[in-house]
Amino acid sequence: MIKFSKIYINPITVAMLAVCYIMRRLEIFYITYAIMTLHELSHFAAAKMIGLKISYIAFHPFGVNLKLKNKLICRLSDEIILYMAGPCCNILLACASLVFLRSCHNQWLYFFYISNVMLFCANMLPIVPLDGGIVLKKLLMYRIGYKQAGKIMTVVSVCIVCALTALGIYVLYVTHFNYSILFLSVFLLGNIFTQKEKYNVDYVKELMFYERKNSKRIRHHISSLDEDYRITAKKFNAGTYSVVYYVDNNGKISKTMTEREIIDKILK
């Protein structure tokens with residue numbers, strides 16, 4: 001990645017710019033990335049409003065991605081605001097361009113309008129990690145917990161991606177050259193199974209705010225990775241629900257376990 005302070009640029013993105021220049025299609029490149037950048041800047045504004053810190057913004061060949069330093073948000077409404085900010089920006093831009101199109105029939109303005117509509121529709125698909133899929137997962141998690149929500153969203157995402165793949169194959173067969181939907185399907189399918197974090201933010205959040213759903217008070221413990229589960233269990237107290245964060249030698253959280261999970265490990 002090419003780095004400029006908090007801006008990361010994928011070398012393939014630069015290569016795409018060069019290809020567009022050679023083929024005299026710079027307008028398409030500029031408009032497409034301008035729309036995606038505005039989309040992410042909307043997420044950026046929402047994140048700042050909520051109080052989150054930004055790590056960097058990256059320009060990839062198939063999109064622009066905003067990376068946050070912290071995703072731990074306690075309120076469901078704030079999470080919906082954060083993830084819906086981008087799609088809302090696109091639909092507002094589409095409506096604004098549609099107003100100007102009525103008086104000025106410009107091909108690039110029309111392309112700007114169509115691109116915003118397509119980006120809005122694509123992002124609202126209930127597929128993780130798209131905005132629509134994340135919002136639906138958050139709503140489900142709030143009702144049935146993160147584990148069940150994760151399983152449901154994985155199944156839903158895979159089914160929709162399979163349908164998109166079939167559509168992409170059909171479009172390719174009809175047009176003999178349009179690979180766009182097929183590429184999108186492969187990209188989404190890869191993201192469904194390759195997204196990994198050192199610890200699940202939704203899981204940690206559910207544990208941290210456990211006392212809202214239960215009468216027991218929650219207690220948090222920090223242990224080293226090599227600590228025996230029996231020693232950890234001695235820290236538990238009656239009347240409280242314990243959560244243990246296991247950290248490595250650098251002090252970073254490597255895994256999180258609940259009181260019940262640790263007891264199950266001891267009994268096995």
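Predicted model only: the values in this text are computed from it and were never measured. (Residues numbered from 1 in each chain as written. Predicted model: local features only at pLDDT ≥ 70, side-chain atom pairs only at ≥ 80, totals over all residues. Heavy atoms only, no water.)

A. Structural view of the packing of helix α2 (residues 26-50) against helix α4 (residues 107-123). Two numbers describe how α2 lies on α4: the axes approach to 10 Å, and their chain directions differ by 45°. When the axis of α2 is compared with that of α4, the two are oblique. Regarding α2 and α4, the two cross each other, and that crossing is right-handed. Within the contact between the two elements, α2 uses Glu27, Ile28, Ile31, Thr32, Ile35, Met36 and His39 and α4 uses Trp108, Phe111, Phe112, Ser115, Asn116, Leu119 and Asn123. (Axes fitted to C-alpha atoms, helices over the stretch in contact; angles between N-to-C directions. Helix = DSSP H or I, 4+ residues; strand = E, 2+ residues; numbered from the N terminus. Parallel < 35°, antiparallel > 145°, perpendicular 65-115°, else oblique. Left-handed = near helix turned anticlockwise from the far one by under 90°. Contact = heavy atoms within 4.5 Å.)

B. Quick look at the confidence of the model for the protein. For the protein, per-residue confidence averages 81 on the pLDDT scale, and 88% of positions sit at 70 or higher. At the low end of the mean pLDDT range in the protein sits helix α8 (residues 201-208), at 58; at the high end sits helix α3 (residues 76-101), at 90. The low-confidence segment residues 210-214 (pLDDT under 50) makes seven contacts with residues lying over four places distant or belonging to another chain. (pLDDT = per-residue confidence, 0-100.)

C. Spotlight on the environment of leucine 76. Relative to the elements of secondary structure, leucine 76 occurs in helix α3. On a C-alpha basis, the gap between leucine 76 and valine 135 in space is 9.4 Å, while along the polypeptide they are 59 residues apart.

D. Representation of the sheet that holds strand β2 (residues 7-9) in the model. With respect to topology, four strands assemble into an open sheet ordered β1-β2-β3-β4, the strand pairing being mixed. Edge strands, defined here as strands with exactly one partner in the open sheet, are β1 (2-4) and β4 (63-68). The sheet shows a mean angle of 20° between the axes of neighbouring strands, direction not considered. Two elements, β2 and strand β3 (residues 54-60), share three bridges in a ladder whose sense is parallel. If you follow tyrosine 8 over to β3, its bridge partner there is alanine 58. On the sheet, α2 packs against β3 and β4 and is oriented at approximately 15° with respect to β4. (Pairing = 2+ DSSP bridges.)

E. Layout of the pattern of salt bridges. Using the criterion set out here, one finds two salt bridges in the structure. With a closest N to O distance of 3.2 Å, lysine 138 and glutamate 79 form a salt bridge. Of the two residues, lysine 138 is situated in helix α5 (residues 131-144) and glutamate 79 in helix α3; the sequence distance between them amounts to 59 residues. Assessed through its relative accessible area of 2%, glutamate 79 is described here as buried. Residue glutamate 227 is joined to lysine 235 by a salt bridge in which the shortest nitrogen-to-oxygen separation is 3.4 Å. (Salt bridge = Lys/Arg side-chain N within 4 Å of Asp/Glu carboxyl O. Buried < 20%, exposed > 50% of the residue type's maximum accessible area, 1.4 Å probe, protein only.)

F. Layout of the pairing of β4. By the bridge criterion, six bridges tie β3 to β4 in an arrangement that is antiparallel. Residue pairing in the sheet places isoleucine 54 in a bridge with leucine 68 of β4. Linking β3 to β4, which pair antiparallel, is a turn of two residues.

G. The arrangement of the nonpolar core in detail. Formed by 25 residues in total, the largest nonpolar core has its most connected members in Tyr33, Ala47, Leu52, Val64, Leu68 and Leu82. Among the secondary structure elements, those contributing two or more residues to this core are α2, β3, β4, α3, α4 and α5. In terms of residues, this core owes the most to one element, α2, which gives eight residues. When sequence neighbours within four positions are dropped, the list of residues in contact with valine 64 reads Tyr33, Met36, Thr37, Glu40, Ile57, Ala58 and Phe59. Counting six residues, the second-largest nonpolar core is a separate cluster that includes Ile127, Leu164, Leu188 and Ile192. (Core = buried A, V, L, I, M, F, W, Y, C linked by side-chain atoms within 4.5 Å.)

H. Representation of the sheet that holds strand β6 (residues 240-247) in the model. Overall, mixed pairing links the three strands, which are arranged β5-β6-β7 in an open sheet. Unpaired on one side and paired on the other, β5 (217-224) and β7 (253-258) mark the two borders of the sheet. This sheet shows a mean twist of 25° between the axes of neighbouring strands, independent of strand direction. Inspection of the sheet shows β5 paired to β6 by eight bridges, in the parallel sense. Bridging across to β6, arginine 219 finds its partner in serine 242.

I. Fine view of the packing of α5 against helix α6 (residues 146-175). One can describe the packing of α5 onto α6 by two numbers: an axis separation of 7 Å at closest approach and a directional angle of 140°. Between α5 and α6 lies a crossing whose hand is right-handed. In this structure, α5 contributes Gly133, Leu136, Lys137, Leu140, Met141 and Ile144 to the contact, and α6 contributes Tyr146, Gln148, Ala149, Gly150, Ile152 and Met153. In terms of residue class, the contact of α5 with α6 is built from eight nonpolar, three polar and one charged. (Nonpolar A, V, L, I, M, F, W, Y, C, P; charged D, E, K, R; others polar.)

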